[in-house]
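# What the coordinates show
So you can see what is in the structure, the chains are spelled out below.
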Amino acid sequence: MALPKVGSIGEYIREQRQQAKISLRQLAEAAGVSNPYLSQIERGLRKPSAEILNQIAKGLRISSQALYVQAGLIEDREPPSDVITAIRADPLLTERQRQVLIDIYESFRKEAPAGDEQTSQNAHPRRDAETDDDPLPEEFLAALEPYAAASGNGNVTQETKEG
C-alpha cells in the first residue's frame, strides 16, 4: 500500500485531516481525544498508542493499517500498487470514496487465485464461437438487465430501440 512520504505520523494525520476537510475539533471529537492532545500529536510532541491511532483512523475514515505503517508500528509488506497510488492521488475523490475504492480493489485481489494472473487476452476475451456459448453468471445478467436482454442460452444481446 503506497503512502505519501511525510516527516512524521503527526504530519500525516494533519494532512489526512485537511484533505478530508475536518477541523481539529471535529477529529478530536470523532476520535474521542482532547483537542490539545490531538494538536500535540499533529505537531510531533506526542506519540499516540495503537489504540489512539485506531480511533483517529476511524475519525478520518481511513485504514488503521495506513496509520500503523506510517507510525512504524507495522511494516508495509505489500508492494506498492499503481491502482492504489492512482486512487489516493485523485483529487476529485473524497477520502471516503478513496477508501471504498481501495477496499473493493483489495477484496478483488484477495479473491483472485494466487497463480491466476490475468493477461490482456484474459482481460479482453475475443468474441468467437467458444466464448459465445458460455453463459454469463446470474449476477452479471441481473446487472446488465437494464442495458441488454438475455437470450435463452444466457448470452447477452444488445437491445435496439425503434421509434
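Higher on the page you've got the structure.
Model, not experiment: these values are computed from the prediction. (Residues numbered from 1 in each chain as written. Predicted model: local features only at pLDDT ≥ 70, side-chain atom pairs only at ≥ 80, totals over all residues. Heavy atoms only, no water.)

## Here we look at the overall build of the protein chain
The condition is simple: In DSSP terms, a helix is any run of H or I states spanning at least four residues, a strand is any run of E spanning at least two, and both are numbered starting from the N terminus. Residues are treated as being in contact if the distance between any of their heavy atoms lies within 4.5 Å. With residues, only the protein chains shown are counted as cover, and all accessible areas are computed by Shrake-Rupley using a 1.4 Å probe.
Helices and strands together make up the secondary structure of the protein chain, namely 10 helices and two strands. Tracing the protein chain from N to C terminus, the helices and strands come up as α-α-α-α-α-α-α-α-α-α-β-β. When contacts within the protein chain are restricted to residue pairs at least 6 apart in sequence, those whose partners lie at least 24 apart make up 45%. Of the roughly 11500 Å² that the protein chain leaves accessible, carbon and sulfur atoms contribute 50%.

## Side note on helix 3 (residues 35-42)
Because each turn of an α-helix spans 3.6 residues, side chains separated by three or four positions end up pointing in the same direction. The cut-off we apply is this: Exposed residues in this analysis have more than 50% of their type's maximum accessible area, buried residues have under 20%, and partly exposed residues fall in between, with area computed by a 1.4 Å probe over protein chains only. To be clear, the arc concerns the directions from the helix axis to the C-beta atoms. N or O atoms closer than or at 3.5 Å make up a polar contact, with two conditions inside protein: a donor-capable atom paired with an acceptor-capable one, and, for residues adjacent in sequence, both atoms drawn from side chains.
All buried positions along helix 3 are accounted for by L38, S39, I41 and E42. One side of helix 3 holds all its buried residues, which, seen down the axis, span an arc of 160°. Looking at the buried positions of helix 3, the neighbouring elements they touch are helix 1 (9-19), helix 2 (24-31) and helix 4 (50-60). With a side-chain oxygen positioned 3.2 Å from the backbone nitrogen of Y37, the residue opening helix 3 is S34. Directly after helix 3, the chain includes G44, whose backbone phi takes a positive value near 80°.

## Focus on the pattern of salt bridges
How we decide: Throughout this description, the term salt bridge denotes a Lys or Arg side-chain nitrogen within 4 Å of a carboxyl oxygen of Asp or Glu.
Applying the stated criterion to the full structure yields three salt bridges. In this structure, R98 engages E95 in a salt bridge whose closest nitrogen and oxygen atoms are separated by 2.4 Å. You can see R98 and its partner E95 sitting in helix 7 (residues 95-111), three residues apart, about one turn around the helix. As far as the burial class goes, R98 and E95 line up, both buried.

## A few points about a nonpolar patch on the surface
Heads up, the condition is: Surface patches are drawn from residues lacking salt bridges whose relative accessible area is over 30%; two like charges belong together within 9 Å, two nonpolar side chains (Val, Leu, Ile, Met, Phe, Trp, Tyr) within 5 Å.
Together, V100, I104 and F108 line one region of the surface with nonpolar side chains, adding up to about 260 Å² of accessible area. Along the chain, the position of V100 falls in helix 7.

## Quick notes on the packing of helix 4 against helix 5 (residues 64-71)
Applied cut-off: Only C-alpha atoms enter the line fits that serve as axes; for helices the fit covers just the stretch in contact. Angles between N-to-C directions range over 0 to 180 degrees. Orientation is classified from the angle alone, with under 35 degrees giving roughly parallel, over 145 giving roughly antiparallel, 65 to 115 giving roughly perpendicular, and any other angle giving oblique. Handedness of each helix crossing follows the sense of rotation of the near helix against the far helix: counterclockwise by less than a right angle gives left-handed, clockwise gives right-handed.
The interhelical angle for the contact between helix 4 and helix 5, taken along N-to-C directions, is 135°, at an axis separation of 8 Å. Considering their axes alone, helix 4 and helix 5 lie oblique with respect to each other. Remark: the crossing between helix 4 and helix 5 carries right-handed chirality. Contacts between helix 4 and helix 5 involve A50, L53, N54, I56 and A57 from the first element and S64, L67, Y68 and A71 from the second.

## So, the nonpolar core
Our working definition: Definition of nonpolar core: a set of buried residues of the types Ala, Val, Leu, Ile, Met, Phe, Trp, Tyr and Cys, connected through side-chain atoms within 4.5 Å.
Residues I13, I56 and L67 are the most contacted members of the largest nonpolar core, which totals 20 residues. For this core, the secondary structure elements donating two or more residues are helix 1, helix 2, helix 3, helix 4 and helix 5. For this core, the element with the highest residue contribution is helix 4, accounting for five residues. When neighbours within four sequence positions are excluded, I13 is seen to be in contact with L27, L38, I41, E42, L53, I56, L60 and L67.

## Details of the side chain of S64
If you trace the backbone, S64 turns up in helix 5. Side-chain polar atoms of S64 contact the side chain of N54, separated by 2.5 Å. With near-sequence residues (within four places) excluded, S64 lies in contact with N54 and A57.

## Points about unusual backbone geometry
Although it is not a glycine, K21 adopts a positive phi angle of roughly 60°. With respect to the element layout, K21 can be found in the loop between helix 1 and helix 2. K21 gets classed as exposed once you look at its relative accessible area, which sits at 73%. For R61, which is not glycine, the phi torsion reads 60° and is therefore positive. By secondary structure assignment, the location of R61 is in the loop between helix 4 and helix 5.

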